[in-house]
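A closer look at the structure
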Amino acid sequence: MNVIVKKFGGTSVTSDRDRERIKNLVELDIKNGNIPILVVSAMGRNSAPYATDTLMNLYNSINEQHSTRDLDLLMSCGEIISATLISAYLNNNGMKSTALTGFQAGIITNEDYGNAKVLSVKTDYLENTIKKGIIPVISGFQGISINGNITTLGRGGSDTTATLIGEALKADKVEIYTDVEGVMTADPRIVESATLLENMTYDEMYEMAKHGARVVDFNAVDIAKRSHLNIVVKNTHDDSVGTQITDSYKSDRILTSITKYDSWIQYKVDYKFSITKDQELMNALYQNNISIDMINFFEDYKYFVVQNNVSKELDDILKKLNLDFKKKENCSIVTIIGHKIHGVPGIMKRVVKALEDRDIKILQTSDSHMTISCLVGSEVSNDAVIGLHKEFNIDS
């Protein structure tokens, strides 16, 4: 089977124009002898009536608990609405199509509500649907637990659904349709000169996704890498070439992109070195499922950052442990990414120069073999991205 999985994001399934474009893409696949399988997200973004954030806000207006069975059940509705409407449009235009839930598509998970782990993908029902000449339109972002409860796969979960189905059916490729040309050297809403990356590696895309780029979810990239599944990121509304993501692309470029990740808070926790206190703090973070980043432990104090949404819970933990702390809110992490930056002299010097030339204070740094990240104030984060993009001349 020449299977092509086509995933359409929330801004690609909303209007009649979107649905007409999807129909045309499906017709082209069939004409070329391919078997299209569609995966769709909920329609629109926050404040749109069927968007995931809208459904979450509705639930939270009554009950502020997060990651519950009932909330997952509600959040799954957005994708089901999209799937049924897209399927209806295809049927109304002379095709045979059917909407499927994540369960019908075979996505089996644990019961970690809000961020469920996929345990297996059982494709019998899906394969029977294809053999009958019916085009499946799958509700992304959702699965079902072994106990029969509806679960959701976390942010970017529709990308995960698409790559899981692609992996299970040994698809030729997975096409991710969105509202941009493809993967860019920076967010084009911030950097006007940002350019399209026509080819990149899984590792580059993974690092971009982990550091704030919202084009493809990092879990989906991880799945694609392990199964050598080609991903193509394309614009729903035009025929641009898009971005090919594979494991075989070779490039001489040092830097690939600049990303920005908002909504961080920097903590400074004051206490002299103590194995007992270190272990108490780490155990409390683990037990409360709080992830910390940009971690610097010194003899008399510890620096790290957390996302805004866990700040209140972290404050309570630190107070309970009788630890003195200070925090700086409204921070962003700006990251340069490139598979050849490790060990290259002068890279950090240029990062510091680019930011200091714009009077941007670096609050903290971290690095890996492919990244250098700087914590800065959110009010100057866009300027930081622009400065770094210009300093390294990535758009050329």
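Refer to the preceding data block for the structure.
The sections below set out a description of the structure shown in this document. (Residues numbered from 1 in each chain as written. Predicted model: local features only at pLDDT ≥ 70, side-chain atom pairs only at ≥ 80, totals over all residues. Heavy atoms only, no water.)

**Observations regarding the overall build of the chain**
- Counting its secondary structure elements, the chain contains 11 helices and 18 strands.
- The C-alpha radius of gyration computed for the chain amounts to 22 Å, which stays within 12% of the reference 21 Å derived for 396 residues, consistent with globular compactness.
- Referenced to the eigenvectors of the C-alpha coordinate spread, the extents of the chain come out at roughly 70 × 50 × 35 Å.
- Sorting the 396 residues of the chain into buried and exposed places 49% on the buried side.
- Considering only contacts within the chain whose residues lie at least 6 apart along the sequence, 73% involve residues at least 24 apart.
- About 19100 Å² of surface is accessible on the chain, with carbon and sulfur atoms providing 47% of the total. (Helix = DSSP H or I, 4+ residues; strand = E, 2+ residues; numbered from the N terminus. Rg over C-alpha atoms; globule rule 2.2 N^0.38 Å. Buried < 20%, exposed > 50% of the residue type's maximum accessible area, 1.4 Å probe, protein only. Contact = heavy atoms within 4.5 Å. Areas by Shrake-Rupley, 256 points an atom, 1.4 Å probe, with all protein chains shown as cover.)

**Concerning the pattern of salt bridges**
- On inspection of all chains with the given rule, the structure shows 24 salt bridges.
- Notably, a salt bridge pairs Asp316 with Lys312, separated by 3.8 Å at the nearest N-O pair. Here Asp316 pairs with Lys312, and both are found in helix α9 (residues 311-320), just four residues apart, close to one helical turn.
- The exposure class assigned to Asp316 is partly exposed, which follows from its relative accessible area of 40%.
- When its relative accessible area of 63% is taken as the criterion, Lys312 is described as exposed.
- Two residues, Asp315 and Lys327, come together in a salt bridge whose shortest N-O distance is 2.6 Å. (Salt bridge = Lys/Arg side-chain N within 4 Å of Asp/Glu carboxyl O.)

**Things to note about the nonpolar core**
- Core analysis: the biggest nonpolar cluster contains 37 residues, and Val5, Ile165 and Met205 have the highest contact counts within it.
- Breaking this core down by element, the ones donating at least two residues are β1 (3-8), β2 (35-40), α4 (124-131), α5 (157-168), β9 (173-178), α6 (202-210), α7 (218-226) and β11 (231-235).
- With sequence-adjacent residues up to four places away left out, Val5 is seen in contact with Ile37, Val39, Ala162, Ile165, Gly166, Ala171, Lys173, Val174 and Glu175. (Core = buried A, V, L, I, M, F, W, Y, C linked by side-chain atoms within 4.5 Å.)

**Thoughts on the packing of aromatic side chains**
- For the coordinates displayed, the defined rule picks out seven aromatic pairs.
- Seen from their ring centres, Tyr267 and Phe325 are 5.9 Å apart, and the 35° between their planes marks the pair as tilted. Of this pair, Tyr267 sits in strand β13 (residues 257-270) while Phe325 sits in strand β16 (residues 324-337); the two residues are 58 residues apart in sequence, bridging distant segments of the chain.
- Its relative accessible area of 0% is what places Tyr267 among the buried residues.
- Taking the relative accessible area as the measure of exposure, Phe325 reaches 23% and is therefore partly exposed.
- Measuring from centroid to centroid gives 5.6 Å for Tyr301 and Tyr303, while their planes differ by 80°, and the two rings are edge-to-face.
- On the basis of relative accessibility, which here comes to 30%, the residue Tyr301 falls in the partly exposed class.
- Classification of Tyr303 as partly exposed rests on a relative accessible area of 23%.
- Members of the aromatic cluster, joined through ring pairs, are Tyr267, Phe304 and Phe325.
- Against the face of Phe218 rests Lys210, its NZ or CZ located 4.4 Å from the ring centre.
- The residue whose ring lies beneath Lys302 is Tyr271, and the NZ or CZ to ring-centre distance is 4.1 Å. (Phe/Tyr/Trp six-rings, centres within 6.5 Å; stacked < 30°, edge-to-face > 60°. Lys NZ or Arg CZ within 6 Å of the ring centre and 35° of its normal.)

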